[in-house]
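Secondary and tertiary structure notes
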Amino acid sequence: MTAPELSFADVVQPAWNVSPRVRALVTTRDGGVSEAPFGRWQNGVDLPGGLNLGMKSGDDPAAVAANRERLLKLAGVSEAAWLEQIHGAGIVRAEDVLAQAHANGTPTRADASVTDRPGTVCVVMVADCMPVLFCDEAGRAVGAAHAGWRGLAAGIVEQTAARVAELAGVEAGALHAYLGPSIGPDAFEVGADVRDAFMNGVDAVQREATANAFVEHPRNPAKYLADLPALARLRLQRLGVERIVGGDLCTVTLRERFYSYRRDRETGRMAALIWLDAQAQSIAD
């Protein structure tokens, strides 16, 4: 039996008030053709129909390719700027990613992309790390960042925001930000090294709030439970970004909706996409 087509009921969309020119979505584990352990989860069973988008996840490459085609069809675009993510803070132009892929078929190694070109899709893949999407209200520029704790501590959120703001011709504080599904504060067990990476160099204004994003583990005094969305919000607020939505969907606990590497190890990948609709005008036009 042919798997049902991917629909907007299968994805998450930011609840933000921006120009309709800005299009964005985050996939779930539903709406594809992958089989266990990359399938969809229902009533405690891993069933066929998973939307795994990770080519290096161990899934059948043909299934992943079919899932990507489904996603592009839903978005109404012909291609997306897929990255080779390395848990760093490198940022590229999405159009340059596509140009490199067209020229030699190799992916660009980076963890964020930005664009002001209509129809060019910025995309990052996740399975516990946080996707952070950016746009200006008028729909002049967009960006997508892959923010695991290493990238977040290295400044990828601030740097991506700065690049989007520059392209849009606005101050960073004028941007909108969406925090996509990620490992939640009750599931993200980390060591003191992670806490130190965020506490070192933090200014006095945010020091207490940063410390509060790490709670001593109730069963292991050598560990902490880290609040990744809270840490991202603090860094955005330091830039003056106040219009922040999302950050309330946990990939680990919501097993029926999301893949989670921390939970399952062998698992699929979701994708977060943002682009400017080539058929729509910005508010400023």
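In this report, the structure presented in the accompanying data block is examined. Here the structure is a predicted model, which means the values were calculated and not measured. (Residues numbered from 1 in each chain as written. Predicted model: local features only at pLDDT ≥ 70, side-chain atom pairs only at ≥ 80, totals over all residues. Heavy atoms only, no water.)

Moving on, we come to the overall build of the protein chain. Counting its secondary structure elements, the protein chain contains eight helices and 18 strands. Taking 2.2 N^0.38 as the reference for a compact globule, 285 residues should give roughly 19 Å; the C-alpha atoms of the protein chain span a radius of gyration of 18 Å, in line with that estimate. Principal-axis analysis of the C-alpha atoms gives the protein chain an extent of 55 × 50 × 35 Å. Classification of the 285 residues of the protein chain by burial places 53% in the buried group. (Helix = DSSP H or I, 4+ residues; strand = E, 2+ residues; numbered from the N terminus. Rg over C-alpha atoms; globule rule 2.2 N^0.38 Å. Buried < 20%, exposed > 50% of the residue type's maximum accessible area, 1.4 Å probe, protein only.)

A few words on the pattern of salt bridges. This model, assessed by the stated rule, comprises 13 salt bridges. With its nearest N and O atoms 3.9 Å apart, the salt bridge here joins Arg29 to Asp46. Separated by 17 residues along the polypeptide, Arg29 in the loop between β2 (22-27) and β3 (30-34) and Asp46 in strand β5 (residues 45-47) bring together distant segments of the chain. Assigned by exposure class, Arg29 and Asp46 land together as buried. We note a salt bridge from Asp136 to Arg140, for which the minimum N-O separation is 3.2 Å. Among the charged side chains, a network of salt bridges with common partners joins Lys56, Glu84 and Arg109. (Salt bridge = Lys/Arg side-chain N within 4 Å of Asp/Glu carboxyl O.)

We now examine the packing of aromatic side chains. Under the defined criterion, the tally for this structure stands at three aromatic pairs. An angle of 50 degrees between the planes, with centres 6.0 Å apart, marks the rings of Phe198 and Phe214 as tilted. Here Phe198 is found in helix α5 (residues 192-199), whereas its partner Phe214 is found in strand β15 (residues 214-216), with 16 residues between them in sequence. Pairing Phe214 with Tyr224 gives two aromatic rings, centres 6.4 Å apart and planes at 85 degrees, and the pair type is edge-to-face. Remark: Tyr224 occurs in strand β16 (residues 224-226) and Phe214 occurs in strand β15; sequence separation between them is 10 residues. Both residues of the pair, Phe214 and Tyr224, belong to the buried class. (Phe/Tyr/Trp six-rings, centres within 6.5 Å; stacked < 30°, edge-to-face > 60°.)

A word on helix α2 (residues 94-104). Along an α-helix, residues three or four apart share an orientation, since each turn contains 3.6 residues. Among all positions in α2, only Ala94, Glu95, Val97 and Leu98 are buried. In an axial view of α2, the angular spread of the buried residues amounts to 155 degrees, which keeps them on one side of the axis. For α2, the exposed residues set more than 90 degrees away from the buried face come down to Ala103 and Asn104. On its buried face, α2 sits against β6 (83-84), β7 (91-93), β8 (108-109), β9 (112-115) and β10 (122-126). (Arc of directions from axis to C-beta. Contact = heavy atoms within 4.5 Å.)

Read across the open sheet, the four strands follow the order β1-β2-β18-β10; overall the sheet is antiparallel. A single partner strand is all that each edge strand has here, and the edge strands are β1 (11-12) and β10. Pairing geometry for β2 and strand β18 (residues 270-276), over five bridges, is antiparallel. Paired with Val26 across the two strands is Ala272, which belongs to β18. Contacts from helix α1 (residues 61-75) reach β1, β2, β10 and β18 within the one sheet, and its direction differs from that of β18 by about 30 degrees. (Pairing = 2+ DSSP bridges. Axes fitted to C-alpha atoms, helices over the stretch in contact; angles between N-to-C directions.)

So, about the nonpolar core. Residues Val132, Phe134, Leu152, Val157, Phe214 and Leu236 are the most contacted members of the largest nonpolar core, which totals 38 residues. Of all the elements, helix α4 (residues 156-168) adds the most residues to this core, at six residues. Setting aside residues up to four positions removed in sequence, Val157 forms contacts with Val132, Phe134, Ala147, Leu152 and Leu236. The next biggest cluster of nonpolar side chains, apart from the first, holds 30 residues, and it includes Val18, Ala24, Phe38 and Ala144. (Core = buried A, V, L, I, M, F, W, Y, C linked by side-chain atoms within 4.5 Å.)

Just geometry here; none of it tells us what the structure is for.
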